Structures are given as structure tokens and as C-alpha cells.
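Structure assessment
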Amino acid sequence: MTLLRGGNVDPLDILMQVLATLVIVLLALPLHEFAHGWVANKLGDPTARLAGRLTFNPLASVDPMGAGFLLLFGIGWARPVPVDSRYFKNPRSGMALTALAGPASNLIASFVGALLFYAVIAFAPYNVVVHYILLFISYFAYINAVLAVFNLVPIPPLDGSKILASFLSDRARFIFYQYQNILAMVGMILIVSGALTGPLSMIESAVYGGVSWLASLPFRLFGVL
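What follows deals with the side chain of Ser 110. On the secondary structure map, Ser 110 appears in helix 4 (residues 91–123). Apart from residues lying up to four places away in sequence, Ser 110 is in contact with Ala 141, Asn 144, Ala 145, Tyr 208 and Val 211.

Shown next, in the form of C-alpha cells:
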């Protein structure tokens, strides 16, 4: 699903992937960061709101390097919203819920994309144009599922590390944050080297398969698929 797979490629297939990635950069990644800030604000932390980050404006969230990585490697990131856990009534659960909101927004976006995919299959006559529209939608839905899984990996500074830290004892959490820069470097090496590619691909396929099955269910129940 990346532009670096090599081999014979269809230029229009590549175009659909690029367009889907651009939509994710301009819509899904800002939504991911908005979700973090919105949940934090609801739990008592106004930091993101006061910083003007409770917005869907992509200019407030787009990180050029993260967007480039998403286009080339299928994983990327946006400029993180500021969060101050001291505002939370319960800092542990508050931070966990705030961190979880981002991947959850990607799963919702993936589900909406999958719903649209099956709606087009069910009601649009199949032709070349519809074929490429379906490719665009499927890329959008799949990449969002990939982003949800990737962000849940418990390696700093990904959301999964914040969720994991919320369940650690005070001492273990102190040690975890003390060495987070080293853990981040190790995590980056594992990701770039491809050591995590196999396990992550299995989980991503399973998650996307589950999202796709759930989205297809209402169409199957009504007998239009």
C-alpha cells in the first residue's frame, strides 16, 4: 500500500493513493489531533483550546515531515496538540482517554470510508471511473486503519506509550519517562529496519478486516451486496 513497493504500477492507481493520502493529511490527521484536544478539554484541560488547536484547519496541525512519511511509507504524524495532565481530575485516566481519542478518530474515519466503499459497490454501476473511485476510498479507509494501529504501538511519543504509562506504577512510570528518548530511538530503529513490519501488518490487516466487515453488515442485512 505504499508508493515504494516497486514493480509494475498503474499511474491512476498511484494517483488515487496520493489523493487519498492528501485527504488524510488535510482531514484525518487534523481530526486525530482535534480529538486529542477535544477530549482533553472535556476532561478539564483547556491548553489545546487556549492555544487555538481545537480546529479542523490543517494549517494548524500539518507537519511537513510527517506528511512526507505518510506519502512515502504509509505512516505519518501531525503536529501534536499540547496537553497538560495536571488539569485532569484523574491524571492517569485523563491522559489515557486523551491519548486513545486520536486512534479512535482514525478508526471512525476508516469505518466511514468503508461504509462509503460498500455504498458505491451497492448502488453505483461498475465502470472504469467507479473502479478508481473505489480504489481512492479503499486507500483512505485502509490508511486510517494503519494509522490507528501504528499510533497504538507503546513506543514514545506514540499514543500507545501514553496509554501504557497510565497503567504503570508510579516508579515504573518514572523510569519509563526517564528513558523515553532512548525508547523512542529504539522504536524508530525497529520501524525503519522493518523489524515491526510483520507483526504490525498482521494487526493492521485484522483491524481493517474487522472495520470492513462491520461496515458491510448493514448492506448485507438489507440484501444489496
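Scanning the entire structure with this criterion turns up three salt bridges. Where Asp 170 meets Arg 92, a salt bridge forms, and the shortest distance between an N and an O atom there is 2.6 Å. Here Arg 92 lies in helix 4 and Asp 170 lies in helix 7 (residues 170–178), a separation of 78 residues in the sequence. Between Asp 170 and Arg 173 there is a salt bridge, with the nearest N and O atoms lying 3.6 Å from each other. Here the residue Asp 170 and the residue Arg 173 both occupy positions in helix 7, the gap between them amounting to three residues, near one helical turn. On the accessibility criterion, Asp 170 (56% relative accessible area) is exposed. On the accessibility criterion, Arg 173 (26% relative accessible area) is partly exposed.

Reading the values: rules and limits
- Residues numbered from 1 in each chain as written.
- Predicted model: local features only at pLDDT ≥ 70, side-chain atom pairs only at ≥ 80, totals over all residues.
- Heavy atoms only, no water.
- Helix = DSSP H or I, 4+ residues; strand = E, 2+ residues; numbered from the N terminus.
- Contact = heavy atoms within 4.5 Å.
- Salt bridge = Lys/Arg side-chain N within 4 Å of Asp/Glu carboxyl O.
- Buried < 20%, exposed > 50% of the residue type's maximum accessible area, 1.4 Å probe, protein only.

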